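Here is what each chain is made of, one letter per residue.
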Amino acid sequence: MMMFKEIEGLPDYSEIIDLINAEWPREFGEKTDSEKIADMIDSHNTDKDRVKYLFDGDVIAGFYRYSLWPRDARITETAHIYDIAVLPSKQKQGLGTLMMDDLIKDCRRRKLYRLLSRSFRNNEASIRLHKRFGFHMHLETEDSIVWELIICKAD
């Protein structure tokens, strides 16, 4: 049975290293697991980030992390997706769709109306996922697409 669990505070990124490795883009360079964990910790903002694990029984099958955006804003209605990852053995089973759906619903509950995300151009699964949920291309760079989704209009 699939179940989401919100992680309070700084996650123990070492317990999800297989997920980090599954999503780690080659554009970030070759790094050891310890270096990847350190990068995740360094990029984590306990006050602004929201992390959920997706459990399949006792196994953490996926996780996502998004942050209020921009991070230095006191008040914002925008979020940015940092991570969505599924274990390789659990891919192509709809878990990415399940996580994106939960993430968007979570943003709505928090009255966040705009969602940004980034896909590397070579990540076809990420591009398909964003298109499936109606994200529009917001900006293009040489190696990436920045996506935007207006979740609902602000009051």
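Residues numbered from 1 in each chain as written. Predicted model: local features only at pLDDT ≥ 70, side-chain atom pairs only at ≥ 80, totals over all residues. Heavy atoms only, no water.

(A) Expanded view of the pattern of salt bridges. Per the counting criterion, the structure on display carries 15 salt bridges. Ionic pairing is found between glutamate 6 and arginine 50, a salt bridge with its closest N-O pair at 2.6 Å. Pair noted here: glutamate 6 is in strand β1 (residues 2-7) and arginine 50 is in strand β2 (residues 49-56), with a separation of 44 residues, a long-range link. Since its relative accessible area comes to 9%, arginine 50 is described here as buried. Where lysine 31 meets aspartate 39, a salt bridge forms, and the shortest distance between an N and an O atom there is 2.5 Å. Judged by its relative accessible area of 31%, lysine 31 is partly exposed. For aspartate 39, a relative accessible area of 26% puts it in the partly exposed group. (Salt bridge = Lys/Arg side-chain N within 4 Å of Asp/Glu carboxyl O. Helix = DSSP H or I, 4+ residues; strand = E, 2+ residues; numbered from the N terminus. Buried < 20%, exposed > 50% of the residue type's maximum accessible area, 1.4 Å probe, protein only.)

(B) Inspection of the nonpolar core at higher detail. Tyr66, Leu103, Cys107, Leu115 and Phe135 are the most contacted members of the largest nonpolar core, which totals 22 residues. Looking at this core, the elements that each hand over two or more residues are β3 (59-69), β4 (78-86), α3 (95-109), α4 (124-132) and β7 (144-150). Looking at which element gives the most residues to this core, the answer is α3, with 6 residues. Here tyrosine 66 is in contact with Lys48, Asp49, Arg50, Ala79, His80, Ile81, Tyr82, Leu103, Asp106, Cys107, Arg110 and Leu112, once residues within four sequence places are set aside. Met40, Tyr53, Phe63 and Ala85 belong to the second-largest nonpolar core, a separate cluster that totals 16 residues. (Core = buried A, V, L, I, M, F, W, Y, C linked by side-chain atoms within 4.5 Å. Contact = heavy atoms within 4.5 Å.)

(C) View of the environment of phenylalanine 55. Within the element layout of this structure, phenylalanine 55 appears in strand β2. Remark: the alpha-carbon pair of phenylalanine 55 and lysine 5, spanning 50 residues in sequence, is separated by 7.6 Å. Not counting the four nearest positions on each side in its chain, phenylalanine 55 is found in contact with Met1, Met2, Met3, Lys5, Ile60 and Ala61.

(D) Seen up close, α4. Among the residues of α4, Ser126, Ile127, Leu129 and His130 are the ones counted as buried. End-on view of α4: buried residues confined to an arc of 160 degrees, all on one side of the axis. Summarising the geometry of α4, the exposed residues directed more than 90 degrees from the buried face are Glu124, Lys131 and Arg132. Where α4 is buried, its residues touch β4, α3, β5 (114-120) and β7. Of the residues one or two after α4, glycine 134 is the one with positive phi, at around 85 degrees. (Arc of directions from axis to C-beta.)

Any functional reading would require information that these geometric values do not contain.
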